[in-house]
Amino acid sequence: MLEPKKIKYRKVHRGHRKGMAKGGTEVNFGSYGMKAMEPGWVTARQIEATRISISRRVRKVGKMWIRIFPDKPITKKPLETRMGKGKGSPEFWVANVRPGRILFEVEGISKELAQEAFRIAGNKLAIKTKLVSRRGLNED
C-alpha cells in the first residue's frame, strides 16, 4: 500500500476539507480522468482497491496514472483508553481530496470502457466522482 518513505512529523492536525482543489484539476497524462465531486479523505486502502479495479478493466491495452498520494497520517487511540495521555499513534494514511481534483487517469481505451472502469472504481471510494475527458479530445 502507498505511504511516504520519510516524513518530517509523525502526527499532523486533522485540518479542514473546505474549498476547491488548488491544483491537479485537469487531465494531463491520459485521455480520460476520474474527478472528485466532493471533499473527503481517500485512504491508502481505497486507492489500492480502486487501482486494482481500474487495471482489471484496462488490462494491457491501456495505461493508468494515479494522481493522488496518501501523505497524511491519521491517528487513533486504543480502545477502552481513558481521556488524556496525549495523541494516539498513527494508524493509516489518507490523501486529502477536494472537489475538482483528478484522482486517476487512463489512456488507450474507448470512452465506454473508461466509463465502466471509473463507475466500478468509484464505488470503492467514499466520495462522489465523475468521468472527465481531456480538453483537446475529439468526441465521436
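Rules and cut-offs
Residues numbered from 1 in each chain as written. Predicted model: local features only at pLDDT ≥ 70, side-chain atom pairs only at ≥ 80, totals over all residues. Heavy atoms only, no water. Pairing = 2+ DSSP bridges. Helix = DSSP H or I, 4+ residues; strand = E, 2+ residues; numbered from the N terminus. Axes fitted to C-alpha atoms, helices over the stretch in contact; angles between N-to-C directions. Expected span 1.5 Å × (residues − 1). Buried < 20%, exposed > 50% of the residue type's maximum accessible area, 1.4 Å probe, protein only. Contact = heavy atoms within 4.5 Å. Patch = residues over 30% accessible without salt bridge, like charges linked within 9 Å, V, L, I, M, F, W, Y side chains within 5 Å. Areas by Shrake-Rupley, 256 points an atom, 1.4 Å probe, with all protein chains shown as cover. Salt bridge = Lys/Arg side-chain N within 4 Å of Asp/Glu carboxyl O. Lys, Arg positive; Asp, Glu negative; His and termini not counted. Charge placed at Lys NZ, Arg CZ, Asp CG, Glu CD.

Side note on the sheet that holds strand 3 (residues 63–66)
Next, step 1: With antiparallel pairing, the four strands of this open sheet are ordered in space as 3-6-1-7. Edge positions in the open sheet fall to strand 3 and strand 7 (129–133), since each of these has one partner strand only. Across the sheet, the mean angle separating the axes of adjacent strands is 20° when strand polarity is ignored.
Next, step 2: Two elements, strand 3 and strand 6 (residues 102–107), share four bridges in a ladder whose sense is antiparallel.

Some thoughts on helix 2 (residues 111–122)
In an α-helix, one turn spans 3.6 residues; hence positions three or four apart end up facing the same way.
Next, step 1: For helix 2, which comprises twelve residues, the first-to-last C-alpha distance of 16 Å matches the rise-based estimate of 16 Å (1.5 Å per residue) to within 8%.
Next, step 2: Within the span of helix 2, buried status applies to A114, A117, F118, I120, A121 and G122.
Next, step 3: In this fold, the buried residues of helix 2 make contact with strand 1 (32–36), helix 1 (44–58), strand 6 and strand 7.

What to know about a positive patch on the surface
Next, step 1: Taken together, the side chains of R10, K11, R14, R17, K77, R82, K85 and K87 make up a positively charged region of the molecular surface.
Next, step 2: Of note, R14 is situated in the segment before strand 1.
Next, step 3: Judged by its relative accessible area of 51%, R14 falls in the exposed class.

Focus: helix 1
Next, step 1: Helix length check: helix 1 (15 residues) gives 21 Å between terminal C-alpha atoms against 21 Å at 1.5 Å per residue, within 8%.
Next, step 2: Of the residues making up helix 1, those classed as buried are A44, Q46, I47, T50, S53, I54 and V58.
Next, step 3: Looking at the buried residues of helix 1, the elements they touch are strand 2 (40–43), strand 3, strand 5 (89–97), strand 6 and helix 2.
Next, step 4: Where helix 1 terminates, the next one or two residues include R59, which has phi positive at roughly 55°.

Looking at the sheet that holds strand 5
Hydrogen bonds along the backbone pair up the strands of a sheet, which may run parallel or antiparallel.
Next, step 1: Taking strand neighbours across the sheet as the criterion, the three strands line up as 2-5-4 in an open arrangement whose pairing is antiparallel. What marks the edges here is a single partner per strand, and that holds for strand 2 and strand 4 (72–76). Taking the axes of each pair of neighbouring strands and ignoring which way they run, one obtains an average angle of 50° across the sheet.
Next, step 2: The pairing of strand 2 with strand 5 spans four bridges and is classified as antiparallel. Bridge pairing links W41 to N96 in strand 5.
Next, step 3: Each of strand 2 and strand 5 touches helix 1; the most contacted strand, strand 2, lies at about 65° to it.

Considering the pattern of salt bridges
Here the idea is simple: oppositely charged side chains can pair when their charged atoms come close.
Next, step 1: Within this structure, the stated rule accounts for three salt bridges.
Next, step 2: Here E48 makes a salt bridge to R51, at a shortest N to O gap of 2.7 Å. Note that E48 and R51 are positioned in helix 1 at a spacing of three residues, about one turn of the helix.
Next, step 3: Since its relative accessible area comes to 24%, E48 is described here as partly exposed.
Next, step 4: Residues E116 and R119 are paired through a salt bridge, measuring 3.1 Å at the closest nitrogen-oxygen approach. Residue E116 and its partner R119 are located together in helix 2, separated by three residues, close to a single helical turn.

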